[in-house]
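As a plain string of letters, each chain reads:
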Amino acid sequence: MPGNHVFLTDQLLDNVDLKLEDLRLDDSFSVNVVHRDNHSLVAASSYEGYPIQHWRNNNSAMILVEGMVYNYKHDQLKGTLNAIADQFCNRGQYEDLIRSFVDEADGEFIILVLSSDNRLLVFNDYFGRLPYYYCTSNGWCIFSREVKFILNCIPEIKFNKIGLAEFLMSEHTLGDDTLFSGVHWMMPAQIMSVDSSPAIHLEKKISSVQFECTLRSEFKTKQESIRVLRDGFDQSFKNRFNY
């Protein structure tokens with residue numbers, strides 16, 4: 001599966017090149033290292049034309065966007081994400097900026113911000129359309145679109161008995177469970193941050209939206225309900241057609 005892959009560790013980072021090569025599914029795939037130092041790695045596996053981009057902002061933070069945000073022009077998207085990255089790098093109030101962005105953004109995406117001191121910020125779209133997995137421990141964190149990359153990097157692979165039971169009963173696991181112990185699925189509309197002090201660890205995992213099973217405003221008639229749904233579909237189509 002194409003996508004991004006992140007490995008942060010307190011130890012010296014080595015022996016990852018062969019693990020990256022396992023992400024090359026066939027000759028049409030390329031695996032590119034976006035960022036690498038002694039303790040962190042960000043890579044992207046993709047085929048030609050796959051939507052993934054990255055850049056560095058004024059704080060030397062690496063920003064990576066996988067997927068599409070159809071109702072944002074490139075410069076608008078870059079400016080919004082640079083503002084989020086600035087707040088994150090300066091330990092400011094970045095959560096509200098993310099919440100506003102996720103609420104407005106029409107698309108499917110995973111966005112990463114890696115600071116110069118190896119702190120990591122990850123957030124995804126409202127519905128979590130792009131599957132993304134992670135495994136964390138005291139001293140290292142791994143995020144990836146491919147479970148097999150995580151399994152290749154962790155010291156020991158164990159099956160998650162609860163996840164196996166859920167899969168046998170429902171043909172899928174529940175919540176953020178996977179079939180493997182310690183490996184989790186990133187839930188929709190989630191914000192996650194990894195700190196590097198005093199050791200690399202998962203610092204925060206919160207929702208970027210408030211899910212409520214109530215209507216924000218009641219529809220007065222059946223026709224009005226149909227009109228709202230039609231207008232929303234029409235706008236989404238136009239966003240994609242005009243992108």
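Look up: the structure comes first, before these words.
J.: Could you clarify how one ought to interpret the overall build of the protein in this entry?
T.: Counting secondary structure elements, the protein contains six helices and twelve strands. Its C-alpha radius of gyration of 19 Å places the protein within 12% of the 18 Å reference for a compact globule of 243 residues. Considering only C-alpha atoms, the protein reaches an extent of 60 × 50 × 40 Å along its principal axes. Going through the 243 residues of the protein one by one, you find that 44% of them count as buried. When contacts within the protein are restricted to residue pairs at least 6 apart in sequence, those whose partners lie at least 24 apart make up 57%. Roughly 13,400 Å² of accessible area belongs to the protein as shown, and the carbon and sulfur atoms make up 51% of that amount.

J.: I would appreciate a short explanation of the packing of helix α2 (residues 74-89) against helix α3 (residues 95-104) in the present structure.
T.: Each pair of packed helices gets described by two things: the angle between the helix axes and the distance between those axes. Where α2 meets α3, the closest approach of the two axes is 9 Å, and the angle between their N-to-C directions is 155°. Between α2 and α3, the interaxial angle falls into the category roughly antiparallel. Here the hand of the crossing between α2 and α3 comes out left-handed. Here Leu77, Thr80, Leu81, Ala83, Ile84 and Gln87 of α2 come into contact with α3, specifically with Leu97, Ile98 and Phe101. Its residues assigned to classes, the contact of α2 with α3 shows seven nonpolar, two polar and no charged.

J.: Any chance you could explain the sheet that holds strand β1 (residues 3-9) here in plain terms?
T.: Two orientations exist for strands paired in a sheet by backbone hydrogen bonds: parallel and antiparallel. Spatially, the six strands line up as an open sheet ordered β2-β3-β1-β9-β8-β10, and their pairing is antiparallel. Taken across any chain shown, the strands that pair with only one partner, and hence form the sheet edges, are β2 (29-36) and β10 (183-185). Here the strands of the sheet are splayed against their neighbours by 15° on average, with no regard to which way each runs.

J.: What is the right way to read the pattern of salt bridges from this model?
T.: If the charged atoms of two oppositely charged side chains come close together, the side chains can form a pair. Under the counting rule described, the total for this entry stands at 15 salt bridges. For the salt bridge of Asp195 with Arg119, the shortest nitrogen-to-oxygen distance reads 3.9 Å. Residue Asp195 is located in strand β11 (residues 190-195), and its partner Arg119 is located in the loop between β6 (107-114) and β7 (120-124); the two are separated by 76 residues in the primary sequence. According to the relative accessible area criterion, Asp195 is buried, its value standing at 7%. We note a salt bridge from Arg230 to Asp231, for which the minimum N-O separation is 3.0 Å. Ionic contacts of the salt-bridge type, sharing partners, join the residues Glu224, Arg227, Arg230 and Asp231 into one network.

What counts as what
- Residues numbered from 1 in each chain as written.
- Predicted model: local features only at pLDDT ≥ 70, side-chain atom pairs only at ≥ 80, totals over all residues.
- Heavy atoms only, no water.
- Helix = DSSP H or I, 4+ residues; strand = E, 2+ residues; numbered from the N terminus.
- Rg over C-alpha atoms; globule rule 2.2 N^0.38 Å.
- Buried < 20%, exposed > 50% of the residue type's maximum accessible area, 1.4 Å probe, protein only.
- Contact = heavy atoms within 4.5 Å.
- Areas by Shrake-Rupley, 256 points an atom, 1.4 Å probe, with all protein chains shown as cover.
- Axes fitted to C-alpha atoms, helices over the stretch in contact; angles between N-to-C directions.
- Parallel < 35°, antiparallel > 145°, perpendicular 65-115°, else oblique.
- Left-handed = near helix turned anticlockwise from the far one by under 90°.
- Nonpolar A, V, L, I, M, F, W, Y, C, P; charged D, E, K, R; others polar.
- Pairing = 2+ DSSP bridges.
- Salt bridge = Lys/Arg side-chain N within 4 Å of Asp/Glu carboxyl O.

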